[in-house]
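# Residue-level structure breakdown
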Amino acid sequence: MALKLKNQGLYETRYEHDSCGIGAVVNISGVKDHSIIEYGRQILLNLHHRGAAGADETTGDGAGILFQIPHEFFFVECEKAGISLPEPSKYGVGMVFGLKDAGLRERCDRILEDAIAYYGMRAIGWREAPVRSDCLGKIALESEPSIRQVFVDGAGLEEEAFERHLYLARRRAERLVRETFGEEGEDFYVASLSCRTICYKGMFMARQLFAYYPDLEDRRVKSALAIVHQRYSTNTFPSWRLAQPFHCIAHNGEINTLSGNRSWMRAREPKMSSGLLPACACPHADRGDNICDLLPVLSPEMSDSACFDSVLELLVRAGRSMPHAMMMMIPEAFGLKYHISTDKRAFYEYHSAIMEPWDGPAAMVFTDGRLIGGTLDRNGLRPCRYLVTTDGLAILASEAGVVEFEPQRIKRKGRLRPGHMFLVDTVEGRIITDNDIKSKIARQRPYRRWLEENRIELRGLFDAPKPVQSDPETTLQRMRAFGYTAEELKMVLTPMVLDGQEPIGSMGDDTPLAVLSDRPRLLFSYFKQLFAQVTNPPIDPLREGLVMSLMTFTGRRRNLLDETPQHCRQLKLPHPVLANQDIERLRAVNRADFKAATTRAVFDADTSDAGGSLRRGLDLLVANAKKAISDGASLIIISDREISESKAAIPSLLAVAAVHRGLLNEGLRGEAGLIVESGEPREVMHFCLLCGYGANAINPYLAFECLEQLQRSGEAPADMEQTAAADNYIAAVKKGILKTMSKMGISTLRSYSGAQLFEAIGLNGPFIDKYFTGTSSRISGIGLEEIAQEALARHKAAFEIRAGGAMELEFGGEYHFRNSGERHLWNPVTVSRLQHAVINNDAKAYADYAVAVNDQSRKLCTLRGLFEFIAGEPVPLEEVEPASEIIKRFCTGAMSHGSISKEAHECIAVAMNRLGAMSNTGEGGEDPARYTPEPNGDSKSCGIKQVASGRFGVTVNYLANAKELQIKMAQGAKPGEGGQLPGHKVTDEIARLRYSTPGVTLISPPPHHDIYSIEDLAQLIYDLKCGNPEARVSVKLVAEVGVGTVAAGVAKGNADEVLISGHDGGTGASPLSSIKHTGCPWELGLAETQQVLVMNGLRDRIRVQVDGQLKTGRDVVVAALLGAERFGFGTAALVTLGCTLLRKCHEGACPFGIGTQDPQLRSRFRGKPEYIERFMNFVAEEVRRIMAQLGLRKFEDMVGRVDRLGVRKAIEHWKARGLDFSAVFRLPDTSGGKAIRQTNGQPRKIGDNLDWEILEKAKSTIENKQKILIEMPIRNVNRTVGAILSNRIVRRFGPQGLPDGTIEVVFRGSAGQSFGAFLASGVTFRLIGESNDYVGKGLSGGRIIVQTPEGSPFAAYENVIVGNTVLYGATGGEAFINGVAGERFAVRNSGATAVVEGVGDHGCEYMTAGVVVVLGQTGCNFAAGMSGGVAYVLDEAAAWGGFDTLCNLDLVELESIWHEEDKKLLKDLIERHLHRTGSARARQILDAWPDMVGKFVKVMPMDYRNALQRMRAAEHRDTETTPATEEVFR
Amino acid sequence: MNRGTFEIYDMGEIKGFLKYRRQDVGYRSVGERVLDFKEVELPLTPDEIHQQTARCMDCGIPFCHGAGCPLKNCIPDINELVYKGRWREACEYLHSTNNFPEITGRVCPAPCEAACTLSINDEPVLIRHIEFQIALWGFQQGWIRPKPPARKTGKRVAVAGSGPAGLAAAQQLARAGHSVVVFEKDQKIGGMLRYGIPDFKLEKWVVDRRIEQLAAEGVEFEEGVNVGEDISIRYLRKMFDCVCLAMGARQPRDIAVQGRGYENIVFAMEYLTAQNRRCAGEEVNGNGVVTAKDKVVVVIGGGDTGSDCVGTARRQGAKKIYQLEILPRPPQTRPPDTPWPGWPRIMRTSSSHEEGCERLWGVMTKNFSGYERRVGEVHCCRVEWSKEAGGWKIKEPPGSDFVLKADLVLLAMGFLHVEHEGLIRNLDLKLDEKGNVPADSYQTSEPWVFAAGDTINGASLVVSAINSGREAAAAIDCWLRGA
């Protein structure tokens, strides 16, 4: 493995992601046959498109297969090698990847053999596994290991014990190799060592696996079961050992909480013991019952899946069954909204006191050689479909149709539901259903009773929060000591108290990073939240909050490998915020097995050695915590209540991190829970950080006192109950924490806790390593000394005597500009000079502006302000590329028509089109009228059309009129969250363009529901390229640590461009905590992206764009040198049109007619295209002047030239001088001719699409609208069928397409993903068979019929026929589905009509228009966020609670069908369903119509009904001239 | 409870500026007000004020505060507090940046309103008058009280001059615990506030009230003492740790044309001072006898001082008043050469103008003629302005000469610099090319001598003087603590 991943520059290996296709196949009766291996191979080959290839296009990211030991084969082969094998199960086989170096390999072999002997077994021989290296790709070949098999005699051990001993031996060998050889031994890897299973894997593409290992093609190789895996990695250096399956599992997904899981595993290790795992006699053992061969359970180089596998294996070997261990590690959601048994709920609750969930998207297949199964995480974020044949075969895979069977042979089809498990026991020879498995396990011990008797119940201990007894005299003084500002009270706390909501803001962030600020900033502000983008989806805390939980257990933890009633003797908290009363009660608890101790988190304030004083304070704090534990405390309260003039508070985050880390290092962290009692935390971000670095609960006592202060001052109404204020505040904090967790794709606080999902900006290495171990901090910065100084500055300001007349609290100025407050890049000078410049075409004024901005940033507002150019031989200005060419690289930001007015939106489009540059539609669709040029030649059509998670107005016509299609994965101001458009901005016109309801707030889903992983993104890119084969596709990401690897994945996913957005970008509406605390500056994200793309040899095929508060030519040049080729301007463009940063867009109150839809305000719009043109010209001219100075004539010569950037000498700033940019300026290795800018394009991958064939056959139709019927077979590898066809139709005939039924295509088989995507009017697709995910994505008027094949033995309405996320963003057309659909059926449907015979969870989510009829069962959370359209559901579930228990009733009402209108519509639709599909279900219903109609329920969104009524009323007013909408948004 | 409370905490009213028009302060009727020297403004009612504060948008960048107000008054915050009826805090907030809001609330030309975001395409928020009302209410409620320092530093500071800069500096220094003596060469404390601004804009009890507050905070006043003449520099040096010069910029700009020597051609400030003394019942001497009663008055200079002369002359019973301005008549709306958020050169009509006068623009005075020692005619011509390479050029169109008959000519053409005679000369301070006292962070070429206000900047607004006084005080405080 010559190519090893090393951290370099901004690249860190741990941010690698992967994702994949998985499959499992089993003969239920346990009959072994080679066909099982063969099926495994078919699965892999048919999942090929879910994997990825590296830069050389021949090296796969990894593939493998795990199956039962083929005794028959090995017996013969070993004979040949002179090894005589005992009976099956009396010997084990190890698959060993060895070192290339023979000598070292030899020594490793000895270690392994000795380890085997150590545990009483015997290695009886080695077999060289035959391989065909010639089939490998270049990169894989360079890292190819030696591959051999070792055979082990079990010495009579009984099978379970044998398996356990092999496990111990393997772990011992791994440990000893690691200890003996260190890094040199890294390549020694035991892929499997078992008496039951064996694993063949490597760095392959699927087809190479079987070519490489001839064993697999040998017909004597037989197994009753197999699991297979195909990997898609973001990097091109995947190593052989990272290929899957691992020892027990294959995983498709990502464990987001890995860092927390690792810490908590470490915390549990000291207490681990098991009677099944014998004591180790090795001399290192420092305790009697040690199992030190197993420690550490997790090593740093392991991937998330490997870690999961390792822990799962440990739990299983220590005695839990594999399903039991799975249930512990990936528990399903067990909140009250779920229909599950009390015992099962108790099981999960009990285990949550033992282990936190391993959270993140996960489809897992697992086997122990006898049982084989699959499970999905609670969110069901990966697809998993199964089928059972009549002859006893079960196949489970990421997609349906991976193995083809005749319809008659299929007994059952289904999908794994969120949190559910599918299990086959090959010994018992049966499929065990989810409920059977779980009920049995949940009742194997009396978990419920254990819980009831032991858990420390909240209600006994605490009541609702009571009024705070505070000391108002000193409240303000203490607020000063903790750095409270007047602005914070007004803009952050007041809305939380009054509304129970986090405050919303707009227009991004233009203040300095904490490390560049002159003001003493809280330690919290040096951290930025990480968020999920592409590789795993954010969760939707608003609409899908039922899967999330803030419940935690805290207290003393016990032996992981055992279960006793005492395990749940812990404090159960419903959420982590403790009221002031609560903490007093906790302090008072004193029971033998449960008591709390308080340690003081303060340090001496009277000191000249601030850093030393803080260090002493911290040491004392940690020592006291340890002492408290030895005194028997199981809760430690870290308190700064006792600050005084001489004692300053240790920053609470530092205090908790130090104690958490200190206890972990001593092996004591499991002994006690940590509770922070501090005056410092008040914002959501503060709570998240404290939890993320180890706090189990937080009491923000001063924040509560502050609420009193607000009431005293009259800010909060005096008649508001104090407890109500506290409740609201807590509610807001809870929502905020959920939202923050959800951004990272994490569902439970238990696994968020300690997971450190942050990156630091401006903190130095030693400081991070000591207290925040493992957190990324890439540009170094300040340390303990400066942090102490900042803390003391606040402290002293609080206690010194202040000059008369000064206000009690400083204003702050973080959000709004104030002269005495924080600096802002947009300030009176820059805004007014820029406006003057563009209005009067005044180059001098622009120069003033540019100097002010560039100087501001030199005054340390931005990282780039610290950079300087390294000059070259200047060239004459005339020789530099003209401005008109440079401008073509400029675009404007994605600002939707909706967030900004029509006038502003069109003005920008016209300007950019005149310049030959591009504007961006944003996430709001576009009026088709704009596709026709104006009489004067201007065009209002945006070059870039955005596709975001809301899919507003994304029709095939929209796609067809784009030059570039941009997939918005995240937005700078609020990565991990969906766009928001407040209801008052949703006018009639906006609603029409977005296919939504006027006056109803639009919040886009946080994830794209068709992108839960990198392979899904590749799929959407493919879809869009089909939707417009001539357009380029770009992907918008937000800068954060690890964005480079994501960008590499994007490049591999065939995108033409990747956009890196800075964290500071503008927004029309976003929670303030997101604006301030998420993402990082583009300088870092861009540099990392450039480095990783170049390293991977991918840079030549993808263009890089950057945006985020770009304002001047200097900004452009800095970005170009760091690697950008295109540049986006958002806020600056708005300022040229009159914006003065009122930051009122979210209120729609823009007095300049920009960020508003109010006609009265819009009429005030005075912007002109010329203003933007002038601005772009000024910027380009500034770029040219700098280029001339640098001696560069062509723009492209600048791209990626980081060698021309340096850091300004003599940075005097007391905080900034510690920054180190060497990683940013690192020139990536370009050996082998790796490009540093885009020189080629992406390979064209839509050439083999089925549509070309259809187009060929339908040629005459496209010419002259002749009707045609085409028949053809289809397979799961045929993806996105219909999109290219539709594109050609709308290009020829316009958005109205063809007359209904002009083209009909009949397909037979299993269709691939995105079947019928963007299907245009006039096309009917009839699929006889089944389909995968995303059927009818963006349906644009066409008709899709999916019907169960004739002769299928099962009942169609009980079987899954289409996958997840059907009709996502459909704007028109119809779908008739003759079977059950997966999760999120008709999500964001905005116009299609559909009939389906059953749906999974979250049906009709976010729907805004259209009609859906469900003729069968629904999953939970139906109609969440549904604000328009109607659904009719057959409610047969009345017996067990009825449909209303499954429906999310937040926005909708359920009605009976009694209007004739409704009855007629419903019956008509069902009749059509019958007519189109021949559905037996439809026939049944119609046959008994009078009885059945009463069983239907109508799901009606309340806002929709109101809007309909309003519009109807307006229509009736004949003399009324006001458009209906005015009333709507008023 | 979660709904409906939105407007309580949110700034003003969303779109309040659409709902309510700007309502300017009213004036007493012309017929009534010209009969006396009492203040002419009529305050708005509390309801009206509430509506006016609702127009404030709480801008993300408040240009009123960041670009308009020299004092950096936190205008959005203050408006918000008034809107919510939290007058006391508004009063406190206002005083945190402005020592004399009751004065600026009366006389400030309100550059904040010119910078108000609403002024771009609408009418600005009524900022100045809201300030006035807060101060009014604050005094009525007794919230504005002396704030003597908790402890004294033992340092002594002399302040020369008792105009807005001197008083602001004195108050800030006294509150920081220093012992402050204010020296005023005139009979009473107040400087330009007392003698420069006519009573119809600022009645003098307003100034007296503030002076009482300063006295209660420990500031000592020495009236009728000309520092540097009556008190030697050596004495000053000995008795005080430092001195702050705040003597204004009283040297008026003169006109050097034939006939300037006639005795009824007087400087505006002499004329205004005399009337102020008369109103206060002080003794008036020398040129003080000058009155406009039954005279034809020609005011030369189109600025605020000129306007004050117009109002004063009208009240004295002038027969006819002309006001001449050399610059062309400004446009009604903001011209591109004075872009927002700066102070626009637009046509302004003051209450005095409304009371009757003829305003002439683009007029240059060529010479005076008269009989014996008294002027009889002002000889003028039209001028035309054109922009050329070196800047603006003026041209006299042939045949544009004309003559105005005049019984009294008032010169209101602005001020040059601080008066150099006396203290400045005796301190031997360096001067800049304009004749001002240059100061680096308010410290002059003599380390123990600080300066503030018009003395260093040349003539400017009252707010600028207050701001300068505050900043000088901060610099002095810092210097004294360090020393």
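In this text the structure is predicted, and so the values were computed from the model without any measurement.

### A look at the overall build of chain B
- Scanning chain B from N- to C-terminus turns up 20 helices and 19 strands.
- Taking 2.2 N^0.38 as the reference for a compact globule, 483 residues should give roughly 23 Å; the C-alpha atoms of chain B span a radius of gyration of 23 Å, in line with that estimate.
- Principal axes of the C-alpha set define a box for chain B whose edges measure 75 × 60 × 50 Å.
- Counting the 483 residues in chain B, one finds 57% classified as buried.
- Residue pairs at least 24 apart in sequence account for 69% of intrachain contacts in chain B once pairs closer than 6 positions are excluded.

### Observations concerning the packing of helix 3 (residues 102-118) of chain A against helix 5 (residues 159-181) of chain A
Residues and elements named next belong to chain A.
- Where helix 3 contacts helix 5, the two axes come as close as 8 Å, and the packing angle between them is 140 degrees. When the axes of helix 3 and helix 5 are compared, the pair comes out oblique. As helix 3 packs across helix 5, the resulting crossing turns out to be right-handed. Listed contacts from helix 5 to Leu104, Arg107, Cys108, Ile111, Leu112, Ala115, Ile116 and Tyr118 of helix 3 are Ala169, Arg172, Ala173, Leu176, Val177, Thr180 and Phe181.
- When the residues that make up the contact of helix 3 with helix 5 are grouped by side-chain class, the tally is 12 nonpolar, 1 polar and 2 charged.

### Observations regarding the confidence of the model for chain B
Residue and element names in this part refer to chain B.
- In this model, chain B carries an average pLDDT of 91, and 96% of its residues clear a pLDDT of 70 or more.
- Predicted confidence is poor over residues 1-11, with pLDDT under 50, and the contacts of this stretch with residues over four places away or in other chains come to 31 contacts.
- In the predicted complex, the global pTM is 0.94; the interface-specific ipTM is 0.92.

### With respect to a nonpolar patch on the surface
- Taken together, B:Ile326, B:Leu327 and B:Ile394 make up a surface patch of nonpolar side chains, about 210 Å² in accessible area.
- Structurally, B:Leu327 can be placed in the loop between strand 10 (320-325) and helix 17 (351-354).

### Focus: helix 11 (residues 164-175) of chain B
Residue and element names in this part refer to chain B.
- Between its terminal C-alpha atoms helix 11 stretches 16 Å, which fits the 16 Å expected from 12 residues at 1.5 Å a residue.
- Burial analysis of helix 11 places 12 of its 12 residues in the buried class, the great majority of the element.
- Considered for burial, the residues of helix 11 that qualify are Pro164, Ala165, Gly166, Leu167, Ala168, Ala169, Ala170, Gln171, Gln172, Leu173, Ala174 and Arg175.
- Where helix 11 terminates, the next one or two residues include Gly177, which has phi positive at roughly 100 degrees.

### Quick look at the sheet that holds strand 5 (residues 146-153) of chain A
Residues and elements named next belong to chain A.
- On the basis of which strands lie adjacent, the open sheet formed by 4 strands has the order 4-5-3-6 and antiparallel pairing. Both outer strands of the open sheet, strand 4 (122-128) and strand 6 (189-194), are each paired with one neighbouring strand and no more. Neighbouring strand axes in the sheet, compared pairwise and without regard to direction, differ in orientation by 20 degrees on average.
- Relative to strand 5, strand 4 runs antiparallel, the two being bridged by 6 bridges. Bridging from a neighbouring strand, Glu128 pairs with Arg148 of strand 5.

### Some points on the packing of aromatic side chains
All names here are of chain A.
- Counted by the stated rule, this structure contains 49 aromatic pairs over all chains.
- Considering the side-chain rings of Phe73 and Phe74, the 5.5 Å spacing of their centres and the 55 degrees angle between planes classify their relative orientation as tilted.
- Take Phe73: its relative accessible area is 1%, and that puts it in the buried class.
- Overall, the relative accessible area of 0% leaves Phe74 in the buried class.
- Where Trp826 meets Tyr849, the ring centres are 6.3 Å apart and the plane angle is 25 degrees; that geometry is what we call stacked. Linking Trp826 in the loop between helix 24 (784-799) and helix 25 (828-839) with Tyr849 in helix 26 (residues 843-858), this pair joins segments that are 23 residues apart in sequence. A single burial state applies to Trp826 and to Tyr849, both of which are buried.
- An aromatic cluster is defined as three or more aromatic residues linked by ring pairs; in this entry it consists of Phe67, Phe97, Tyr189, Tyr200, Phe204, Tyr212, Tyr213 and Trp240.
- Here the basic side chain of Lys1076 rests over the ring of Tyr815, its NZ or CZ set 5.3 Å away from the ring centre.

Conventions used here
Residues numbered from 1 in each chain as written. Chains lettered and ligands numbered in written order. Predicted model: local features only at pLDDT ≥ 70, side-chain atom pairs only at ≥ 80, totals over all residues. Heavy atoms only, no water. Helix = DSSP H or I, 4+ residues; strand = E, 2+ residues; numbered from the N terminus. Rg over C-alpha atoms; globule rule 2.2 N^0.38 Å. Buried < 20%, exposed > 50% of the residue type's maximum accessible area, 1.4 Å probe, protein only. Contact = heavy atoms within 4.5 Å. Axes fitted to C-alpha atoms, helices over the stretch in contact; angles between N-to-C directions. Parallel < 35°, antiparallel > 145°, perpendicular 65-115°, else oblique. Left-handed = near helix turned anticlockwise from the far one by under 90°. Nonpolar A, V, L, I, M, F, W, Y, C, P; charged D, E, K, R; others polar. pLDDT = per-residue confidence, 0-100. Patch = residues over 30% accessible without salt bridge, like charges linked within 9 Å, V, L, I, M, F, W, Y side chains within 5 Å. Areas by Shrake-Rupley, 256 points an atom, 1.4 Å probe, with all protein chains shown as cover. Salt bridge = Lys/Arg side-chain N within 4 Å of Asp/Glu carboxyl O. Expected span 1.5 Å × (residues − 1). Pairing = 2+ DSSP bridges. Phe/Tyr/Trp six-rings, centres within 6.5 Å; stacked < 30°, edge-to-face > 60°. Lys NZ or Arg CZ within 6 Å of the ring centre and 35° of its normal.

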